[in-house]
Structures are given as structure tokens and as C-alpha cells.
Amino acid sequence: IYQPSSTDEEKTIDDEDALAKESWNNPSVNKYRLCSCLSLFLAGGLFYSSYGVLIPELERDYNKSHASVSLIFIGDLVSSTVAAAVTNITHLSLGRRGAGVIGALCLGLGSLFLALHLPWPAVPVMICLVVYGVAALDSAASAWIGGLHHASGFLGVLQGCFGIGSTIAPSIAQAVIQRGIPYYRFYYLPFALSILGGVGFLISFWDENGEKYTRDTSRSHKPEETHAKEILKNKVSWILAISVLLNWGADATTSSWIIIYLTEGRGGSSSKASLVNSMFWFSFTLGRFFLTWVLGALPPKWGVKGPVSFVICLCLMLELMFWLLPTFVGSSVAGCLLGFFYGPLYPLILGTLTKLLPRHLHVSAIGIGSAFGAVGVSSFPIVAGAIAQYKGHS
């Protein structure tokens, strides 16, 4: 089992030292690879964050109950789990090129079929297809960027593009509805971006086939253990997976209930609470773009895990302030600051993962983390709602 050295935690593992790290512009094709990844993550953010506006439209359009529409969220969990299970096999057989293109196709085709307004039974299936695509892209793109120089900063930019999509999607979807345009036409936007990014991914990663992926990761592989056994026995992958579960679950809970909490628990108006919610996502995205670079520039004496531990402690403190401060203004300020420090936590976790795990485990570990994160997204808001129903909002 791989364990980080207690005397040299700051160093990456041997296989990363043996293979020279690339940068965002060296070789020059990496510039186009990065742009294609950013485009795909922007498309994923646009799709995910449109749920809040478009789900009520789906219910009215198809005359479905809340229970029927909740199948969407169950499908999210199933799709993420399937992606985690098959992502390493996909990389070994088709390489990073094939894994990324499949993810882009799933994201694009799922969005296209939703835009074509298919009958209801196809809607949950298409959403599951999109979620699988986003999870597959997360593993492929994050593992590649995690091997670059200044990985934490670029992972922040990558996840920040997802945050931009999440920030602007509700406004775009609302504008579509208010202009009398059928709500499902919104899905043409993530379709166009995903196809653009998918074509760029295919061309720029053309040489990244299964043989090259196997060759690049073979130095760190342990021949005496199967891949599944090695990833399941490695405690680092499980610790980081649980961290993602808690991080995504806390993100989803805060963003899902912040408006109700501020209106019913702190006496704010709906318009002011909605503004705070928008500021939460804006600060969330801002933190991903900028704070990851600041924390990535900390001196080596902080160690690999120091920045993550620091941000987790700040998030816990701000979460308590958000809950315990008795005024609308106090909770609102704490909520906005919370978004700023929540944002970079997932990219920092991914950056830590790529430093503490062997190269051949990166893709699978990120896939497992995404699956655990989907569990948090699906379950934490439900638990919070049940507690609020029983104990109240304050």
C-alpha cells in the first residue's frame, strides 16, 4: 500500500519525479487542450445549475409530481457511480482521448435530446447520460491538469469555469422563460459548448490513446496487485473521497436552503435572500479562480496537506457563524465568505490527491471522489430539510 513519507510529505511520488511535468503551454498543444477542458466544464456548469429554474417547468410541462421528478437526483447518483467504476477501464482501452470524447458526447447528446423535447420517459435517461458525461470529464480533465506545473491553480480555473456556468445558468434559463421561449430550448447552449469542447478535445488529445496512458502510468503500478485492489486498499483515496463527500454535501445543502433559511429563519425578504444566494455562487467562483493560486504559492514548509486543512478550518468556523449569528446581515456576510472558501476546497483536494497518490490511481481516485460527492449532493440537502422540518430553521 502506498503511504506518503512522514519525513518528506512535500515531495511528489517517485514516478512523477521520473516523468517531467508539463506546463499549460509546454508542449504548445496543451494550450488547446486546456481551452477544450474549460469549455466542457462551462457546459457542465450550465447544465447542472439550471435545475432550480427548469425543474418546475418540467413538472408543469409533463404533469409530473415532485416524487417523479426526484428520479433525476437518484439518476445522478447512479450515473456518477457507474462513471467511477468504468473510468479506469476506459482510460486503459481508449486513453484520455477516448474517455474525454465519450464524456463530451454524453454531455452534448443528452443536452440535445432534452432540447428536442422528447417524451417524459426519455428525460431522466438523458439527464443520467449528461451526469455520466460530466463525471467522466471530471476524471479525465482533472487527472491531466493535476500533472501540470501549478496544478492547484489550474484545477481552480477548471472548476471555476464550472462555477461560472453555475452562476449564469439560472439567469439565462429565467430569461428564456420570461421571453416566451420554450424552456427546453435552453439546453441548446450546453449542447453547443460541449460539441465545441469535444471536437477540441479529440483533436488536441489525439495522441493520448490507451497505449500511451498505459505506458505513462506503468512506472507506478504494482504488478502483484490488481488495480481495483490497490485503489480500495489505499487509505489516501478513501480519506480524500470522504472529504469530497462532505465538501459537495455542504455546498449543496447551503446553496439549496440558503434562501429559505434567510427568509424564514432570519426574517429577510425573498429578493434580498436571492441576492445573497447569487453572491454565494459569485464568491464561490471567485475563490476557485484566485484563492487556489494564493494557497498554491505557499512555501513548502506548509506541506501538501496544509492548505486543505487551513481552508477546512475556515469553512467550519464560517458555517458556525452562518448558523449562529442572529441577524440577517450577519448570516448573509458569513454565507458569502463561506462561498469564497468553499469554492477552492475541491480543486485543492484534487491537487493534494495528485501529489499523494501514484499516477495510475489518479483517474480512479477522482472518479470515486465524484461518486462520493454525488452521494453528498443527493443526501445532505434531504437530511437538512428533515432536520429543519423537525427542529425549525433557527
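Residues numbered from 1 in each chain as written. Predicted model: local features only at pLDDT ≥ 70, side-chain atom pairs only at ≥ 80, totals over all residues. Heavy atoms only, no water.

- For the protein chain, the name recorded in an unreviewed UniProt entry is Major facilitator superfamily (MFS) profile domain-containing protein, with Tuber aestivum as its organism.
- Here the protein chain is described in UniProt, under the heading Sequence similarities (unreviewed entry), as follows: "Belongs to the major facilitator superfamily."
- Per UniProt, the protein chain carries the Subcellular location (unreviewed entry) text "Endomembrane system". (UniProt positions renumbered as here; feature names shortened; annotations may be inferred.)

## As for the packing of helix H2 (residues 29-48) against helix H5 (residues 71-115)
Line of reasoning, step 1. Between H2 and H5, the least distance of the axes is 10 Å, while the angle of their chain directions is 50 degrees. Here H2 lies oblique to H5, going by the angle between them. In the crossing of H2 with H5, the sense of the turn from one axis to the other is left-handed. Each of Leu-40, Ala-43, Gly-44, Phe-47 and Tyr-48 in H2 lies in contact with H5, whose residues at this interface are Asp-76, Ala-104, Leu-107, Ser-111 and Leu-114.
Line of reasoning, step 2. Across the contact of H2 with H5, the residue classes tally to seven nonpolar, two polar and one charged. (Axes fitted to C-alpha atoms, helices over the stretch in contact; angles between N-to-C directions. Helix = DSSP H or I, 4+ residues; strand = E, 2+ residues; numbered from the N terminus. Parallel < 35°, antiparallel > 145°, perpendicular 65-115°, else oblique. Left-handed = near helix turned anticlockwise from the far one by under 90°. Contact = heavy atoms within 4.5 Å. Nonpolar A, V, L, I, M, F, W, Y, C, P; charged D, E, K, R; others polar.)

## With respect to the packing of helix H12 (residues 270-296) against helix H14 (residues 328-342)
Line of reasoning, step 1. Running from N to C, H12 and H14 point in directions that differ by 30 degrees, and their axes come no closer than 6 Å. In terms of orientation, H12 lies roughly parallel with respect to H14. Crossing of H12 against H14: the hand is right-handed. Contact with H12, carried on its side by Lys-272, Ala-273, Val-276, Met-279, Phe-280, Ser-283, Phe-284, Leu-286, Gly-287 and Leu-291, involves Phe-328, Ser-332, Gly-335, Cys-336, Leu-338, Gly-339, Phe-340, Phe-341 and Tyr-342 of H14 and no other residues of that element.
Line of reasoning, step 2. Residues of the contact of H12 with H14, tallied by class, amount to 13 nonpolar, five polar and one charged.

## Remarks on unusual backbone geometry
Line of reasoning, step 1. Across the junction of Asn-26 and Pro-27, the peptide omega takes the value 0 degrees, indicating a cis bond.
Line of reasoning, step 2. Take Pro-27: it is sitting in the loop between helix H1 (14-18) and H2.
Line of reasoning, step 3. Backbone geometry places His-117, a non-glycine residue, at a positive phi of 60 degrees.
Line of reasoning, step 4. Residue position: His-117 is located in the loop between H5 and helix H6 (122-145).

## Digging into the pattern of salt bridges
Line of reasoning, step 1. On inspection of all chains with the given rule, the structure shows five salt bridges.
Line of reasoning, step 2. Notably, a salt bridge pairs Arg-96 with Glu-208, separated by 3.6 Å at the nearest N-O pair. Within this pair, whereas Arg-96 is found in helix H5, its partner Glu-208 is found in the loop between helix H8 (188-204) and helix H9 (210-217), the two being separated by 112 residues in sequence.
Line of reasoning, step 3. Because the salt bridges share partners, they merge into one network encompassing Arg-33, Arg-96, Glu-208, Lys-212 and Asp-216. (Salt bridge = Lys/Arg side-chain N within 4 Å of Asp/Glu carboxyl O.)

## Some points on helix H15 (residues 345-356)
In an α-helix, one turn spans 3.6 residues, which is why side chains three or four residues apart end up on the same side.
Line of reasoning, step 1. Relative to the 16 Å expected for twelve residues at 1.5 Å per residue, H15 spans 16 Å between its end C-alpha atoms, a close match to the ideal helical length.
Line of reasoning, step 2. The element H15 is extensively covered by neighbouring structure, given that eleven of its twelve residues are classed as buried.
Line of reasoning, step 3. For H15, every residue scored as buried is listed here: Leu-345, Tyr-346, Pro-347, Leu-348, Ile-349, Leu-350, Gly-351, Thr-352, Leu-353, Thr-354 and Leu-356. (Expected span 1.5 Å × (residues − 1). Buried < 20%, exposed > 50% of the residue type's maximum accessible area, 1.4 Å probe, protein only.)

## Regarding the confidence of the model for the protein chain
Where the model shows low pLDDT, its predicted coordinates should not be examined in detail.
Line of reasoning, step 1. Summary statistics for the protein chain give a mean pLDDT of 83 and a share of 87% for residues scoring 70 or more.
Line of reasoning, step 2. The least confident element of the protein chain is H1, whose mean pLDDT is 43; the most confident is H8, at 96.
Line of reasoning, step 3. This stretch, residues 1-19, has a pLDDT under 50; its non-local contacts, to residues over four places away or in other chains, come to 40 contacts. (pLDDT = per-residue confidence, 0-100.)

## Quick word on the packing of aromatic side chains
Line of reasoning, step 1. As enumerated under the stated definition, the model contains 15 aromatic pairs in all.
Line of reasoning, step 2. With centroids separated by 5.3 Å and ring planes inclined at 80 degrees, the aromatic side chains of Tyr-183 and Tyr-184 adopt a geometry described as edge-to-face. No difference in accessibility class separates Tyr-183 from Tyr-184, as the two residues are buried.
Line of reasoning, step 3. An aromatic cluster of three or more residues is present, and its members are Phe-47, Phe-186 and Tyr-187.
Line of reasoning, step 4. Taking NZ or CZ as reference, Arg-33 lies 4.8 Å from the ring centre of Phe-205, over its face.
Line of reasoning, step 5. Lying over the aromatic face of Trp-206, Arg-97 brings its terminal NZ or CZ to 4.6 Å of the ring centre. (Phe/Tyr/Trp six-rings, centres within 6.5 Å; stacked < 30°, edge-to-face > 60°. Lys NZ or Arg CZ within 6 Å of the ring centre and 35° of its normal.)

## Quick notes on the nonpolar core
A general trend in soluble globular proteins is that nonpolar side chains are found buried together.
Line of reasoning, step 1. Ranked by size, the top nonpolar core spans 89 residues in total, and within it Ile-127, Ile-145, Tyr-187 and Leu-262 carry the most contacts.
Line of reasoning, step 2. For this core, the element with the highest residue contribution is H6, accounting for eleven residues.
Line of reasoning, step 3. Each residue touching Tyr-187, except ones within four places of it in the same chain, is listed here: Phe-47, Ser-50, Leu-54, Ser-111, Leu-114 and Ala-115.
Line of reasoning, step 4. Listed in part, the five residues of the second largest apolar core include Ala-83, Cys-106, Ala-135 and Ala-136. (Core = buried A, V, L, I, M, F, W, Y, C linked by side-chain atoms within 4.5 Å.)

## Here's the deal with the state of the cysteines
Line of reasoning, step 1. All told, the structure shown has zero disulfides when counted by the stated rule.
Line of reasoning, step 2. No disulfide involves Cys-315; its sulfur sits 9.3 Å from the nearest other cysteine sulfur, which is in Cys-313. (Disulfide = S-S within 2.5 Å.)

## Things to note about the side chain of Thr-90
Line of reasoning, step 1. Within the fold, Thr-90 resides in helix H5.
Line of reasoning, step 2. With a relative accessible area of 12%, Thr-90 lands in the buried category.
Line of reasoning, step 3. Here Val-86 takes part through its backbone oxygen, which lies 2.9 Å from a polar atom of the side chain of Thr-90.
Line of reasoning, step 4. Apart from the residues lying within four places of it in its own chain, the contact partners of Thr-90 are Gly-95, Ala-99 and Ile-102. (Polar contact = N/O pair within 3.5 Å; in protein donor to acceptor, adjacent residues only side chain to side chain.)

## Topic: the side chain of Ser-331
Line of reasoning, step 1. Mapping Ser-331 onto the fold places it in helix H14.
Line of reasoning, step 2. Owing to a relative accessible area of 0%, Ser-331 belongs among the buried residues under this scheme.
Line of reasoning, step 3. Within the structure, the side chain of Ser-331 is placed 3.1 Å from the backbone oxygen of Phe-322, a separation counted as a polar contact.
Line of reasoning, step 4. With sequence-adjacent residues up to four places away left out, Ser-331 is seen in contact with Tyr-261, Leu-262, Arg-266, Phe-322 and Leu-325.

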